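Survey of secondary and tertiary structure
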Amino acid sequence: MTEQKIVLSGMRSTGKIHLGNYFGALKNWIDLQDRYRCYYFAADWHALTSDYADPSQIAQNTIEMVIDWIAAGLDPERSTIFIQSMVPDHAELQLLMSMITPLGWRVPTYKEQIQQIENKDLATYGFLGYPVLQTVDIAIYRAHFVPVGEDQASHLEISREIVRRFNYLYKAEVFPEPQALFTPTPKVPGVDGRKMSKSYNNAINLSDSPEVILQKCKQMFTDPQRLKRSDPGRPEVCNLYDFHKLVSPLEIQERVAFQCRAAEIGCVDDKKLLAQILTDFLEPIRRRREELLRDRATVYDILVEGSRKARERTAETMDAVRSAMGLDYRKVLEKMETVAG
Ligand code: SF4
């Protein structure tokens, strides 16, 4: 049997997962579990690049996020789920890779990062090395694929360049060049119509209660030209309708669009309908989440075991790396004895 290809992906530890994270990444991760050998990690060190001054929330955010992953369907039996800082080999390889990464190559800033992280001083050594750490996160598992949306494909280019340089300098084929695995990433708006993001405070979380979901649906923007219930509406410009497209069965989407255009359904009723559909959609996740929160020892065991499995893989990589770089002291000593006769 040929070895399964390796998929690697991570999320910065930002806390509870929202629908944007779910449809933008997590759902794809779940779908990939049966086709690849998957490694998924919580990037707590990446969170430190921006939250170094007050790291008090990072661990809690990491746990909240991982609980959501598992509740939504990431299966610790099929995927390796771990925390970045529980696999210290990432740090060693980052140091080694930083030796070979020319300064001119550094991505000066990740536009998205900068947009998302406001009011924080990112002029640190740690943030400068962010792209190298990100490369290492992938390379240390000798991952073949990284699931990305089409707009993020260029992020992988620097990773490919760094591993290519390593392989070239040390005349070794330690690292495959990671390829983008394009996954569907539908547009997920926030309740205010902007992109859903924790920092915009416009997100619907997987863990939101039915009451909170209803309240958020009530806040959603609808067709701005539809002032009265008797005005025909335009689902194609309605922020709320975008959510129907994500979570409602096709027949409901079609019915709502028809009734909206014919002014047969009011926006207030549609908000209630969507709230119910979202609640039903999230209910199993919320229930599983509560079970996990009642059984935290199991969550801890999953993370310890996942990190152990991850370290098994990284240890192999680091042996190959040290050997390629001539830092394998046992081998060097053995050679010296041979020469000495
Ligand atoms: S009825 Fe629904 S789809 Fe139509 S404008 Fe109102 S909220 Fe949007």
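Residues numbered from 1 in each chain as written. Predicted model: local features only at pLDDT ≥ 70, side-chain atom pairs only at ≥ 80, totals over all residues. Heavy atoms only, no water.

**Side note on the overall build of the protein**
Spelled out, the test is: Secondary structure follows DSSP: runs of H or I at least 4 residues long count as helices, runs of E at least 2 residues long count as strands, and numbering of each begins at the N terminus. For every residue, the accessible area obtained with a 1.4 Å probe (protein chains only) is divided by the maximum for its type, and the residue is called buried under 20%, exposed over 50%, and partly exposed between those limits. By definition in these notes, contact holds between two residues if any of their heavy atoms fall within 4.5 Å. Here the open area of atoms and residues is found with the Shrake-Rupley method and a 1.4 Å probe, where only the protein chains shown may cover a residue. A residue counts as positive if it is Lys or Arg and as negative if it is Asp or Glu; His and the chain ends are not included. Working definition for charges: the position is that of NZ of Lys, CZ of Arg, CG of Asp or CD of Glu.
Check the secondary structure of the protein and you find 14 helices and five strands. Taken along the three principal axes of its C-alpha coordinates, the protein extends 95 × 45 × 45 Å. When burial is assessed residue by residue, the protein has 47% of its 341 residues classed as buried. Taking the intrachain contacts of the protein between residues at least 6 apart in sequence as the baseline, contacts between residues at least 24 apart amount to 78%. As presented, the protein carries roughly 17,900 Å² of accessible surface, and 53% of it is formed by carbon and sulfur atoms. A gap of 2 Å separates the mean positions of the 44 positive and 47 negative side-chain charges of the protein.

**Here we look at the nonpolar core**
Rules: Residues enter a nonpolar core if they are buried and are Ala, Val, Leu, Ile, Met, Phe, Trp, Tyr or Cys, with the set joined through side-chain atoms within 4.5 Å.
Judged by nonpolar contacts, the single largest core of 53 residues is most densely connected at Leu19, Leu26, Trp69, Ile204 and Leu206. If sequence neighbours within four positions are ignored, leucine 19 has contacts with Gly24, Val188, Met196, Ile204, Leu206, Phe243, Leu278, Phe281 and Leu282. Ile6, Ala139, Leu156 and Ile158 belong to the second-largest nonpolar core, a separate cluster that totals 31 residues.

**Some remarks on the layout of surface pockets**
Going by this rule: Grid points spaced at 1 Å over the protein atoms alone were grouped into cavities, where a 1.4 Å probe fits but cannot get out, and pockets, open sets with protein on both sides within 12 Å along at least five of seven lines, with lining residues defined by an atom within 4 Å of a point. Grid points are joined across faces, edges and corners, and a volume is the space filled by probe spheres set on the points. Classes in brief: Ala, Val, Leu, Ile, Met, Phe, Trp, Tyr, Cys and Pro nonpolar; Asp, Glu, Lys and Arg charged; the others, Gly included, polar.
Size it by volume and the second largest pocket reaches roughly 460 Å³. As for the second largest pocket, its lining consists of 17 residues, of which Gln94, Ser98, Tyr125, Gly129 and Val132 are closest to the centre. Residue assignment for the lining of the second largest pocket shows that the elements contributing at least two residues are helix H2 (44–51), helix H4 (89–100), helix H6 (125–128) and helix H7 (130–139). Sorting elements by how many residues they give to the lining of the second largest pocket places H4 first, with five residues. Class assignment for the residues of the lining of the second largest pocket results in 10 nonpolar, six polar and one charged.

**Structural notes on empty space enclosed by the protein**
Evaluation of the coordinates by the stated rule reveals two cavities of 30 Å³ or more. If you list the elements that add at least two residues to the lining of the largest cavity, you get helix H10 (239–247), helix H11 (250–261) and helix H12 (267–294).

**A word on the packing of H4 against helix H13 (residues 296–324)**
What counts here: Only C-alpha atoms enter the line fits that serve as axes; for helices the fit covers just the stretch in contact. Angles between N-to-C directions range over 0 to 180 degrees. Oblique is the label for any angle not under 35 degrees, not over 145, and not in the 65 to 115 range, which are roughly parallel, roughly antiparallel and roughly perpendicular in turn. Take the far helix as your reference; a near helix turned counterclockwise from it by less than a right angle gives a left-handed crossing, and one turned clockwise gives a right-handed crossing.
Where H4 contacts H13, the two axes come as close as 10 Å, and the packing angle between them is 25°. On the basis of the axis angle, H4 is roughly parallel to H13. Here the hand of the crossing between H4 and H13 comes out left-handed. Here Asp89, Glu92, Leu93 and Leu96 of H4 come into contact with H13, specifically with Arg311, Thr314, Ala315, Met318, Val321 and Arg322. Split by residue class, the contact of H4 with H13 holds five nonpolar, one polar and four charged.

**Some remarks on the site of the ligand**
This is how the line gets drawn: Any residue with a heavy atom positioned within 4 Å of a molecule or strand is treated as near that molecule or strand. Grid points define the cavity or pocket, and a molecule sits in it when more than half of its atoms lie within 2 Å of them.
Lining the immediate surroundings of the ligand are Thr222, Asp223, Arg226, Cys238, Leu240, Tyr241, Cys260, Ile265, Cys267 and Asp270. One can see that the ligand is located within the largest cavity. Counting residues per element, the ones that place at least two in the shell around the ligand are H10 and H12.

**Topic: the side chain of serine 197**
Here serine 197 shows up in the loop between strand S5 (179–182) and helix H9 (210–219). For serine 197, a relative accessible area of 12% puts it in the buried group. In this structure, serine 197 is in contact with His18, Asn202 and Ala203, ignoring residues within four places of it in sequence.

**What to know about the packing of aromatic side chains**
Threshold: Note on ring pairs: Phe, Tyr and Trp rings are taken, using the six-membered ring of Trp, and paired if centres are within 6.5 Å. Classes follow the plane angle, with under 30 degrees stacked, over 60 edge-to-face and the rest tilted.
For the structure on display, the rule yields 12 aromatic pairs. Where tryptophan 29 meets tyrosine 40, the ring centres are 4.4 Å apart and the plane angle is 5°; that geometry is what we call stacked. Here tyrosine 40 lies in strand S2 (residues 37–43) and tryptophan 29 lies in helix H1 (residues 19–32), a separation of 11 residues in the sequence. The pair tryptophan 29 / tyrosine 40 is uniform in exposure class, with both members buried. Centroid distance phenylalanine 82 to tyrosine 141: 5.3 Å. Interplanar angle 45°. Geometry classified as tilted.

**Examining the pairing of S2**
Heads up, the rule is: One bridge is not enough; two strands pair if DSSP finds at least two bridges between them. A crossover counts as right-handed when, viewed with the strands pointing away from the observer, the path leading from the first strand over the helix to the second turns clockwise.
Where burial is concerned, most of S2 is hidden: six out of the seven residues are buried. One ladder, built from seven bridges, connects strand S1 (residues 6–12) with S2; its direction is parallel. Residue pairing across strands places valine 7 opposite cysteine 38, the latter belonging to S2. Note that the unit made of S1, H1 and S2 has a crossover that is right-handed.

**What to know about the pattern of salt bridges**
Under the convention used in this document: A pairing counts as a salt bridge when a side-chain nitrogen of Lys or Arg comes within 4 Å of a carboxyl oxygen of Asp or Glu.
Following the criterion strictly, the structure yields 26 salt bridges and no others. The salt bridge partner of lysine 228 is aspartate 231, with a shortest N-O separation of 3.8 Å. In this structure, the salt-bridge partner of arginine 287 is glutamate 283, at a minimum N-O distance of 3.6 Å. With arginine 287 and glutamate 283 both in helix H12 and four residues apart, this pair spans about one turn of that helix. Residue classification places arginine 287 among the partly exposed positions, given a relative accessible area of 47%. Salt bridges linked by common partners bring Glu157, Arg160, Arg164 and Glu177 together as one network.

**Points about the environment of tyrosine 141**
Positionally, tyrosine 141 belongs in the loop between H7 and strand S4 (145–148). Taking the relative accessible area as the measure of exposure, tyrosine 141 reaches 0% and is therefore buried. Distance in space between the C-alpha atoms of tyrosine 141 and leucine 8 is 7.5 Å, their sequence separation being 133 residues. For tyrosine 141, the residues in contact, after removing those within four places along its chain, are Ile6, Leu8, Tyr39, Phe82, Val87, His90, Ala310, Arg313 and Thr314.

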